[in-house]
Amino acid sequence: MSKKLNLNPKLYDKDVEQEPTRAGFGRGLLAAGKRDNRVVALCADLTVSTKMDLFAKEFPERFVEIGVAEQNLVTVASGMAHMGKVPFVSSYAAFSPGRNWEQIRTTICLNEANVKIVGSHAGVSVGPDGATHQMLEDIALMRVLPNMRVVVPCDAIEAEKATQTLAAIDGAAYLRLAREKTPIITTTATPFELGKAQIFRDGKDLTIVACGPMVYQALIAADQLAKVKIDVEVINCPVVKPLDWVAILASAKRTGAVMTVEEGQINGGLGGAVAELLGEHYPVPLIRVGMADRFGESGAPDELLEHFGLTAPHIVKHAHELVKRKGGND
Amino acid sequence: RQDIIKMLVEAGSGHSAGPLGMADVFTALYFDILHHRPKQPDWPERDLVVLSNGHITPVRYAVMARAGYFPVSELMTLRKLGSRLQGHPERTKLPGLETTSGPLGSGLSQACGMALALRMDDQKRWVYCLMGDGELDEGNIWEAAMFGGKNKLNNLTAIIDRNNIQIDGPTEQVMPLEDLRAKWEAFGWHVQEIDGHNMQEIIDACYLAKAIENKPSLIIAHTIPGKGVGYMEYDYRWHGNPPGTQEIAGDPAKADQARVALHDLRTLGGRIEGEHE
């Protein structure tokens with residue numbers, strides 16, 4: 001485990017503390033609002049569940065309730081940004097950016113508006129609500145837009161830092177959050193920088209590039225694989241765009257095999273981004289773990305992650321396969 | 001209007017009917033109503049004009065050029081590679097534009113966001129939003145209508161170009177909009193209906209709108225699509241084409257369309273004697 005990144009020392013403990021990434025966003029937004037009075041928050045009738053309520057209570061005059069109208073949500077924000085505000089807009093990812101993609105494209109990205117889009121409850125881990133609410137395509141939808149940044153924090157602490165960082169930059173960004181509690185991987189002393197991936201764990205046999213709470217599953221898998229002498233490098237890649245291609249390519253050159261792990265569609269998602277990078281610059285055996293061109297369904301979050309192959313044991317299995325493929329190519 | 005025809009003919013594509021129909025409203029805005037500085041387009045105290053139906057941008061370009069934002073000769077670059085005058089307006093390309101638009105239905109909510117932000121900062125600037133009637137089919141418009149009414153955005157004046165046509169035909173056939181006044185009033189807006197070609201009515205309505213407290217204002221400007229060019233007036237088939245691009249029974253031949261259009265405009269449809277070229 002990387003020493004200089006100051007990760008949570010209890011990371012591999014059974015009783016590691018857990019918190020949803022959206023909670024970190026709520027704190028980060030409040031802090032950003034205290035630091036900069038240009039920060040405003042807009043929500044589409046999901047203020048408490050997207051954790052915007054912390055900000056709304058502290059700064060009611062800078063909070064705008066939009067109602068269930070996601071197209072209006074981002075376009076009102078675009079107008080406010082043009083007047084010098086720094087708007088954060090939140091809803092469930094399935095609705096924003098799920099429903100309002102064209103408005104984001106035209107009035108925020110092409111228009112170069114300083115709006116931060118926050119999509120909560122992303123991924124299958126939303127659970128019982130089912131496939132309609134389990135947003136899987138958001139990374140792909142946002143990543144393809146010029147002028148857009150895409151951030152998928154691995155835990156609540158990183159989400160808090162990412163929120164404050166995004167508030168401080170001038171430009172559009174998408175922040176992807178999860179509903180469920182997930183383990184705390186980082187600490188307040190862990191650095192966060194837009195455009196930088198971090199090697200959370202060094203290894204020489206294969207590279208796992210992961211984002212969001214899947215980083216924890218990757219680290220657990222790497223820990224188990226170490227016991228069978230497979231040395232895995234785990235890269236936390238919270239910034240899917242702009243992708244830290246320097247770090248990922250350097251790691252691919254060291255290990256000669258790459259796996260991506262995300263809780264979303266591998267097509268166009270982090271898996272898509274890494275495949276494009278490697279395909280163009282340094283082709284190596286690649287396995288993309290995530291949702292493979294299918295929708296989710298209702299169930300308990302843990303059940304669903306297991307069902308769709310998004311847990312450490314599945315990653316371990318894929319790692320063995322990848323090492324085998326890598327050997328075949330040598 | 002002659003600028004519009006000339007730039008559309010030079011471009012070889014673009015919309016005719018809407019720009020011609022809104023020429024009077026735009027002229028009233030840029031030459032009477034707006035607080036603005038054409039030589040200082042980013043003047044922090046300027047009023048804001050949001051053009052929601054971006055496809056009628058030739059009229060805005062023509063009026064901005066005549067108001068002094070950029071040389072009139074630049075109008076001839078419309079829709080050409082490297083031009084600041086994009087086929088649909090882009091804020092980042094041309095100083096003086098406040099938004100990027102084209103895809104319909106999102107201008108009013110951007111204008112609402114501007115109006116709300118200005119009120120938060122206690123600024124006295126005014127926001128104008130111009131919309132087509134066809135784009136009122138878009139749900140986003142009605143989301144914004146609710147939002148404007150809820151927040152009583154009385155520093156916002158929206159103007160609808162009520163010309164009754166859209167690409168597929170008359171608006172009341174494609175998707176009926178009436179009772180338009182009653183709909184907006186039900187959403188909490190102060191509504192005026194005017195003749196969009198009567199300069200005094202346009203100006204009076206805009207000043208009255210500024211006097212309305214506790215409500216956003218809507219002006220339904222009844223206009224004639226293709227206004228001033230006899231063969232285009234009222235005909236939805238001239239919504240999206242410039243002169244010289246299509247043969248329509250009863251209209252001048254393609255090769256004559258531009259000349260006839262300019263002649264109509266110079267002579268007010270033949271009513272003025274002694275046309276001078």
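Just so we're clear, the structure is a prediction, and the values are computed from it rather than from any experiment. All residue numbers here refer to positions counted from 1 along the written sequence of the relevant chain. As they are written, the chains are lettered A onward and the ligands numbered 1 onward, keeping that order. The model is predicted, so local features are restricted to residues of pLDDT at least 70 and side-chain atom pairs to those at 80 or more, both for listing and for counting; the totals for chains, interfaces and linings are taken over all residues.

1. Focus on the overall build of chain B
Put simply, DSSP H or I for four residues or longer makes a helix, DSSP E for two residues or longer makes a strand, and each gets a number counted from the N terminus. Along the backbone of chain B there are 10 helices and 7 strands. Overall, chain B is about 55 × 45 × 35 Å in size when its C-alpha atoms are taken along their principal axes. By residue count, 48% of the 277 residues in chain B fall in the buried class. In this description, any two residues whose backbone-derived C-beta atoms lie within 7 Å of each other are considered to be in contact. For chain B, the proportion of contacts with a sequence separation of at least 24, taken over those separated by at least 6, is 73%. Put simply, a residue is buried when 20 or more other C-beta atoms lie within 10 Å of its own C-beta and exposed when 12 or fewer do; between those, it is partly exposed, and each C-beta is set from the backbone.

2. Points about the packing of helix 1 (residues 2-11) of chain B against helix 4 (residues 57-67) of chain B
Residue and element names in this part refer to chain B. Two elements in contact, helix 1 and helix 4, have axes whose closest approach is 9 Å; the angle formed by their N-to-C orientations is 120°. In terms of orientation, helix 1 and helix 4 fall into the oblique class. Considering how the two elements wind past one another, helix 1 and helix 4 form a crossing that is right-handed. Where helix 1 abuts helix 4, its residues Asp3, Ile4, Met7 and Leu8 lie against Pro58, Val59 and Ala62. Simply put, an axis is a line fit to the C-alpha atoms, just over the touching stretch for a helix, and the angle between two N-to-C directions goes from 0 to 180 degrees. With respect to orientation, any angle under 35 degrees is reported as roughly parallel, any angle over 145 as roughly antiparallel, any angle of 65 to 115 as roughly perpendicular, and every other angle as oblique. By the definition used in this description, the sense in which the near helix is turned from the far one sets the handedness, with an anticlockwise turn below a right angle giving left-handed and a clockwise turn giving right-handed.

3. Quick word on the interface of chain A and chain B
Contacts between the two partners involve 21 residues from chain A, matched on the other side by 23 residues from chain B. Among the elements that line the side of chain A that touches chain B, the one with the most residues is helix 3 (residues 70-82) of chain A, at 9 residues. All amino acids are sorted into three groups, where Ala, Val, Leu, Ile, Met, Phe, Trp, Tyr, Cys and Pro are nonpolar, Asp, Glu, Lys and Arg are charged, and the leftover types, Gly among them, are polar. Taken together, the residues of the side of chain A that touches chain B sort by class into 8 nonpolar, 10 polar and 3 charged.

4. Overview of the sheet that holds strand 5 (residues 116-120) of chain A
All names here are of chain A. Pairing between strands is defined by DSSP: at least two bridges between the two strands are required. Ordered in space as 3-2-4-5-7-6-12, the 7 strands form an open sheet in which the pairing is mixed. On the outer flanks of this sheet lie strand 3 (63-65) and strand 12 (239-241), each paired with one strand and no other. Strand-to-strand twist in this sheet, taken as the mean axis angle between neighbours without regard to direction, amounts to 20°. Strand direction decides the pairing type here: strand 4 (residues 86-92) and strand 5, joined by 5 bridges, are parallel. Bridge pairing in strand 5 places phenylalanine 88 opposite lysine 116.

5. Some words on the packing of helix 3 of chain A against helix 5 (residues 107-120) of chain B
Relative orientation of the contacting elements helix 3 of chain A and helix 5 of chain B amounts to 50°, with a least axis distance of 6 Å. Here helix 3 of chain A lies oblique to helix 5 of chain B, going by the angle between them. Of the two elements, helix 3 of chain A crosses helix 5 of chain B, and the hand of that crossing is right-handed. On helix 5 of chain B, the residues touching Asn72, Thr75, Val76, Ala77, Ser78, Gly79, Met80 and His82 of chain A of helix 3 of chain A are Ser109, Gln110, Ala111, Cys112, Gly113, Met114, Leu116 and Ala117 of chain B. Each residue belonging to the contact of helix 3 of chain A with helix 5 of chain B can be placed in one class, and the counts come to 8 nonpolar, 8 polar and no charged.

6. Overview of the sheet that holds strand 9 (residues 198-201) of chain A
Residues and elements named next belong to chain A. Reading across from one edge, 9-11-10-13-14 is the order of the 5 strands in this open sheet, with mixed pairing throughout. Edge strands, defined here as strands with exactly one partner in the open sheet, are strand 9 and strand 14 (286-291). For this sheet, the mean inter-axis angle between neighbouring strands, taken without regard to orientation, is 25°. In the packing of helix 7 (residues 214-226) onto the sheet, the strands contacted are strand 9, strand 10 (206-210), strand 11 (232-236) and strand 13 (258-265), and the crossing angle to strand 11 comes to about 170°.

7. Digging into the environment of leucine 30 of chain A
All names here are of chain A. Of note, leucine 30 is situated in helix 1 (residues 21-35). In this structure the C-alpha to C-alpha distance between leucine 30 and alanine 56, which are 26 residues apart in sequence, comes to 8.7 Å. Once residues lying within four places of it in the same chain are set aside, the contact partners of leucine 30 are Leu54, Phe55 and Glu58.

8. Points about the confidence of the model for chain B
For chain B, the mean per-residue pLDDT works out to 96, and 99% of the residues sit at or above 70. Both scores are given for the predicted complex: the pTM is 0.96, the ipTM 0.94. Confidence per residue, as judged by the predictor, is encoded in pLDDT with a range of 0 to 100.

9. Points about helix 1 of chain A
The end-to-end C-alpha distance of helix 1 of chain A, which contains 15 residues, comes to 21 Å, matching closely the 21 Å that a straight helix rising 1.5 Å per residue would cover. Of the positions making up helix 1 of chain A, those classed as buried are Thr21, Arg22, Gly24, Phe25, Gly26, Gly28, Leu29, Leu30, Ala32 and Gly33 of chain A. Each helix should span, by expectation, one fewer than its residue count multiplied by 1.5 Å.

10. Here's the deal with the pairing of strand 14 of chain A
Residues and elements named next belong to chain A. Pairing between strand 13 and strand 14: 5 bridges, direction parallel. Bridged to methionine 259 within strand 14 is isoleucine 287. Convention used here: a crossover is right-handed provided that the path from the first strand, over the helix, to the second strand proceeds clockwise when the strands point away from the viewer. Once the chain exits strand 13 it traverses helix 9 (residues 270-281) before rejoining the sheet at strand 14, and the crossover so formed is right-handed.

11. A short note on the nonpolar core
By size, the foremost hydrophobic cluster in this structure holds 188 residues, and its most contacted members are Ile208 and Ala218 of chain A. Dropping the residues within four chain positions of it, isoleucine 208 of chain A is found in contact with Ala218, Ala222, Val232, Val234, Ile235, Met259 and Val261 of chain A. Remark: nonpolar core denotes a set of buried Ala, Val, Leu, Ile, Met, Phe, Trp, Tyr and Cys residues whose joining runs through C-beta atoms within 7 Å.

12. Considering unusual backbone geometry
In most cases, non-glycine residues show a negative phi, while peptide bonds are predominantly trans. Of note, the amide linkage connecting lysine 241 of chain A to proline 242 of chain A takes the cis form, showing an omega dihedral of -5°. Among the secondary structure elements, proline 242 of chain A is positioned in the loop between strand 12 and helix 8 (245-255). A positive phi is found at aspartate 293 of chain A, a non-glycine position, where the angle reads about 55°. Among the secondary structure elements, aspartate 293 of chain A is positioned in the loop between strand 14 and helix 10 (301-307). What makes aspartate 293 of chain A exposed here is the crowd of 9 C-beta atoms within 10 Å. You will see that aspartate 122 of chain B, though not glycine, has its phi angle at about 55°, which is positive. Structurally, the position occupied by aspartate 122 of chain B is in the loop between helix 5 and strand 2 (127-132).

13. Points about the environment of serine 83 of chain B
All names here are of chain B. Looking at the element boundaries, serine 83 is found in the loop between helix 4 and helix 5. For the pair formed by serine 83 and leucine 94, sequence separation is 11 residues and the distance between their alpha carbons is 9.2 Å. Beyond its immediate sequence surroundings of up to four residues, serine 83 is in contact with Thr77 and Leu78.

14. A short note on the pairing of strand 6 (residues 148-151) of chain A
Note on strand geometry: in a regular strand, side chains alternate between the two faces of the sheet. Residue and element names in this part refer to chain A. Residues Met148 and Val150 point to one face of strand 6 and Arg149 and Val151 to the other, with burial holding for every one of them. Tracing the backbone out of strand 6, into helix 6 (residues 156-168) and back to the parallel element strand 7 (residues 172-176) gives a crossover that is right-handed. Summarising the sheet, strand 6 and strand 12 pair through 2 bridges and their orientation is antiparallel. By the bridge assignment for strand 12, valine 151 is matched with valine 239.

15. What about helix 6 (residues 139-150) of chain B?
Taking 1.5 Å per residue, 12 residues should reach 16 Å; helix 6 of chain B reaches 17 Å between its end C-alpha atoms and fits that length. Buried within helix 6 of chain B are the following residues: Asn140, Ile141, Glu143, Ala144, Ala145, Phe147 and Gly148 of chain B. Looking at the packing, one finds that the buried side of helix 6 of chain B touches helix 3 of chain A together with helix 5, strand 3 (156-162) and helix 8 (180-186) of chain B. Phi for lysine 152 of chain B, located one or two positions after helix 6 of chain B, is positive at around 50°.

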